[in-house]
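# Examination of the molecular architecture
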Amino acid sequence: MPPIHERATTPGRPVFDAHLHIVDPRFPLIANDGYLPPAFTVGQYRERVSGLDVRGGAVVSGSFQGFDQEYLRDALAALGPSFVGVTQVPASVTDEEIVGLDAAGVRAVRFNVRRGGSATLDQLDRLARRVHYVAGWHTELYIDARDLPDLATALAALPAVSIDHLGLHRDGLPHLLALVERGVKVKATGFGRVDLDPAEAMTAVLKTDPTALMVGTDLPSTRARRPFADDDLALVARTVGEGHLDAVLWDNAAAFYRIPGTAANR
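If you're wondering where the values come from, they're calculated on a predicted model, not measured in any experiment.

Now for the overall build of the protein. The secondary structure content of the protein amounts to 10 helices and 8 strands. Here the protein has a C-alpha radius of gyration of 17 Å; the compact-globule value for 266 residues is 18 Å, and the two agree. For the C-alpha atoms alone, the extent of the protein along its principal axes is close to 55 × 40 × 40 Å. In the protein, which comprises 266 residues, the proportion classed as buried is 57%. Long-range pairs, those at least 24 residues apart, make up 74% of the contacts in the protein with a sequence separation of at least 6. For the protein, the accessible area works out to roughly 10,800 Å², and carbon and sulfur atoms hold 52% of it.

Scanning the model with the defined rule gives 5 aromatic pairs in all. Taking the centre distance of 6.3 Å and the plane angle of 90 degrees together, the rings of Tyr45 and Phe83 count as edge-to-face. With Tyr45 in helix α2 (residues 42-48) and Phe83 in strand β3 (residues 83-87), the pair connects residues that are 38 residues apart, well separated along the chain. For the pair Tyr45 and Phe83, one class covers both residues: buried. One aromatic cluster is present, built from ring pairs that chain together Phe16, Trp250, Phe256 and Tyr257.

For the coordinates displayed, the defined rule picks out 17 salt bridges. Residue Asp95 pairs with Arg130 through a salt bridge whose shortest N-O separation is 2.7 Å. Taken together, the residues Asp95 in helix α4 (residues 95-104) and Arg130 in helix α5 (residues 124-135) connect sequence positions 35 residues apart. For Asp95, a relative accessible area of 35% translates into the label partly exposed. Linked by salt bridges that have partners in common, Arg110, Glu140, Asp164 and Lys187 make up one network.

On to the packing of helix α8 (residues 198-208) against helix α9 (residues 230-240). The N-to-C vectors of α8 and α9 enclose an angle of 45 degrees; their axes lie 10 Å apart at closest approach. Viewed along their axes, α8 and α9 adopt a mutual orientation that is oblique. As α8 runs across α9, the sense of the crossing is right-handed. Between α8, through Pro198, Ala199, Met202, Thr203 and Leu206, and α9, the contact on the second element is made entirely by Leu235, Val236, Thr239 and Val240.

Okay, the nonpolar core next. Within the largest apolar cluster, 74 residues are counted, with the highest numbers of intra-cluster contacts made by Tyr45, Leu155, Leu166, Leu176 and Leu213. If we ignore the near neighbours within four places in the chain, the residues touching Leu155 are Leu124, Leu141, Leu148, Val161 and Leu179. Counting residues in hydrophobic clusters, the runner-up holds 14 residues, among them Ala18, Trp250, Ala254 and Phe256.

In this section: the sheet that holds strand β8 (residues 213-215). Pairing between the strands of a sheet is mediated by backbone hydrogen bonds and can be parallel or antiparallel. Reading across the sheet, the 8 strands line up as β1-β2-β3-β4-β5-β6-β7-β8 and stay open at both edges, with parallel pairing between neighbours. Strands with a single pairing partner mark the edges of an open sheet, and in this sheet they are β1 (15-20) and β8. Taken pair by pair, the neighbouring strands of this sheet meet at an average axis angle of 25 degrees, ignoring direction. Pairing of strand β5 (residues 138-142) with strand β6 (residues 161-163) involves 3 bridges; the strand directions are parallel. Bridge pairing in β6 links Glu140 to Ser162. Taken strand by strand, helix α10 (residues 242-256) contacts β1, β2 (54-60), β5, β6, β7 (185-188) and β8, and its axis lies near 105 degrees from that of β8.

The next point concerns the pairing of β1. Regular strands place side chains that alternate from one sheet face to the opposite one. For β1, a buried count of 6 out of 6 residues is recorded, marking the element as mostly surrounded by other parts of the structure. With 4 bridges joining them, β1 and β2 adopt parallel strand pairing. The partner of Asp17 across the bridge, within β2, is Gly57. At this point the chain moves from β1, through α2, to the parallel β2, and the crossover so formed is right-handed.

Let's shift gears to the confidence of the model for the protein. Per-residue confidence for the protein gives a mean pLDDT of 91; residues scoring 70 or more make up 91%. Across residues 1-8 the pLDDT falls below 50, and counting only partners more than four positions away or on other chains, this stretch makes 17 contacts in the model.

Definitions and limits used
- Residues numbered from 1 in each chain as written.
- Predicted model: local features only at pLDDT ≥ 70, side-chain atom pairs only at ≥ 80, totals over all residues.
- Heavy atoms only, no water.
- Helix = DSSP H or I, 4+ residues; strand = E, 2+ residues; numbered from the N terminus.
- Rg over C-alpha atoms; globule rule 2.2 N^0.38 Å.
- Buried < 20%, exposed > 50% of the residue type's maximum accessible area, 1.4 Å probe, protein only.
- Contact = heavy atoms within 4.5 Å.
- Areas by Shrake-Rupley, 256 points an atom, 1.4 Å probe, with all protein chains shown as cover.
- Phe/Tyr/Trp six-rings, centres within 6.5 Å; stacked < 30°, edge-to-face > 60°.
- Salt bridge = Lys/Arg side-chain N within 4 Å of Asp/Glu carboxyl O.
- Axes fitted to C-alpha atoms, helices over the stretch in contact; angles between N-to-C directions.
- Parallel < 35°, antiparallel > 145°, perpendicular 65-115°, else oblique.
- Left-handed = near helix turned anticlockwise from the far one by under 90°.
- Core = buried A, V, L, I, M, F, W, Y, C linked by side-chain atoms within 4.5 Å.
- Pairing = 2+ DSSP bridges.
- Right-handed = clockwise from strand over helix to strand, strands pointing away.
- pLDDT = per-residue confidence, 0-100.

Shown next, in the form of structure tokens:
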């Protein structure tokens, strides 16, 4: 039998990519602090992950996409029903717009605390509860975990929440784990942008709640110190071990994003 790290990145071990970006210049892009990302289309994404057995994933809106939904609708239609969307919507979004986005495959609202481009934190509680009530969406945050104490009570009270990129900083790990104890999920993503030991953080999350950890590529890794590498999945596999590997690669995220019929895809 081949080693775990080989099997984790070869066909037959399905991966749900819980965090990816599509950058399509056919649709509006907004410079963030003067930065506009290069194109990373659906075709480029498929080519990049062609050897990783990615069978589903979550397309996440970035700061440079603001509240535009057309790029996301287009990407989800091209990628197929095992891919879902994580979008940014203004507090003024209507129930009808939420329902329409849900029909297109959107499953979560994002608050980009790190880069902006999303609704603001003073709108977090009301908007997060409304999208969950209307369409069952959960809430995702791109945030430095050192800033979590100010939000901990509010986040723990929401129906469902996830935190991007392992919370970014080692000093925030205790705050992140305190929320994991209260049901918050964590994305093992963006290893090239974090200021922590990914293996140490993943182990701590796994020990706190084995259902909390979800893996993703963070492609195309905009503004990261280094882009995603296939070895990042190998590190995940070595860290979580055989007993948790299927859950971290697929099951946890597929359940969180409510992917229908996932058992049949395994």
